[in-house]
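Residue-level structure breakdown
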Amino acid sequence: MTKQKNTYEYSNFGKNVVDLREMKNFSQTHLADLLSLNKNVLGRIERGERPLRDVEILKLAEIFKVSTDLILDNISEVDLNEQEKFLNYQRNNQKDISKQIPYFIEYLEREPGITFEGRELSHEERKDIAVAFEVVNRLIGEKLLRK
């Protein structure tokens, strides 16, 4: 079997992943589980033998609460004012229920074992809840537009 060519030879992304993992005292197994990867695949990433996929870069940034630039070792100047504006925008969106409902509906559709008052919901019950949220979202939106 031939060794996969490292497409990021100039980057320290593998070392950055190791450093972030060790900084948080995560084992390779634990981080691999969080990323939904096999431990051996994570080892290849850390050694720079396998490139990170976009979704893995985003998940690492989320897990470690760092920028994707830090993970990829992309050294660039950051406009802190613009970054703060973006973070404020994100915080405000997180508080805006209308923007969170689609994420909740997606969660209802994909997450196994969701319960209501201790009883697991069926697929049909999940769909009913999703429709109810969509209807309420639309009605409140229309009501606010009339004000």
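All of these numbers come straight from a predicted model, not from anything done at the bench. (Residues numbered from 1 in each chain as written. Predicted model: local features only at pLDDT ≥ 70, side-chain atom pairs only at ≥ 80, totals over all residues. Heavy atoms only, no water.)

**Considering a nonpolar patch on the surface**
A surface patch of nonpolar side chains, amounting to about 250 Å² of accessible area, comprises Phe104, Tyr107 and Phe133. Of note, Phe104 is situated in helix α7 (residues 97–110). A residue is classified by how much of its surface remains accessible, and Phe104, at 33% relative accessible area, is partly exposed. (Patch = residues over 30% accessible without salt bridge, like charges linked within 9 Å, V, L, I, M, F, W, Y side chains within 5 Å. Areas by Shrake-Rupley, 256 points an atom, 1.4 Å probe, with all protein chains shown as cover. Salt bridge = Lys/Arg side-chain N within 4 Å of Asp/Glu carboxyl O. Helix = DSSP H or I, 4+ residues; strand = E, 2+ residues; numbered from the N terminus. Buried < 20%, exposed > 50% of the residue type's maximum accessible area, 1.4 Å probe, protein only.)

**Considering empty space enclosed by the protein**
Counted under the stated rule, the structure contains one cavity of 30 Å³ or more. Quantified by volume, the largest cavity comes out at close to 40 Å³. Looking at the lining of the largest cavity element by element, the count peaks at four residues for helix α8 (residues 123–146). Its residues placed into classes, the lining of the largest cavity shows two nonpolar, one polar and three charged. (1 Å grid on protein atoms, 1.4 Å probe; cavity = no way out; pocket = protein on both sides within 12 Å on 5 of 7 lines; lining within 4 Å. Points joined across faces, edges and corners; volume = space filled by probe spheres on them. Nonpolar A, V, L, I, M, F, W, Y, C, P; charged D, E, K, R; others polar.)

**Regarding the packing of helix α1 (residues 13–23) against helix α3 (residues 39–46)**
Packing of α1 against α3 leaves a shortest axis separation of 7 Å and a crossing angle of 120°. Considering the angle they form, α1 stands oblique to α3. For the pair formed by α1 and α3, the contact residues are Phe13, Gly14, Lys15, Val17, Val18 and Arg21 on the first element and Leu42, Ile45 and Glu46 on the second. Across the contact of α1 with α3, the residue classes break down as five nonpolar, one polar and three charged. (Axes fitted to C-alpha atoms, helices over the stretch in contact; angles between N-to-C directions. Parallel < 35°, antiparallel > 145°, perpendicular 65-115°, else oblique. Contact = heavy atoms within 4.5 Å.)

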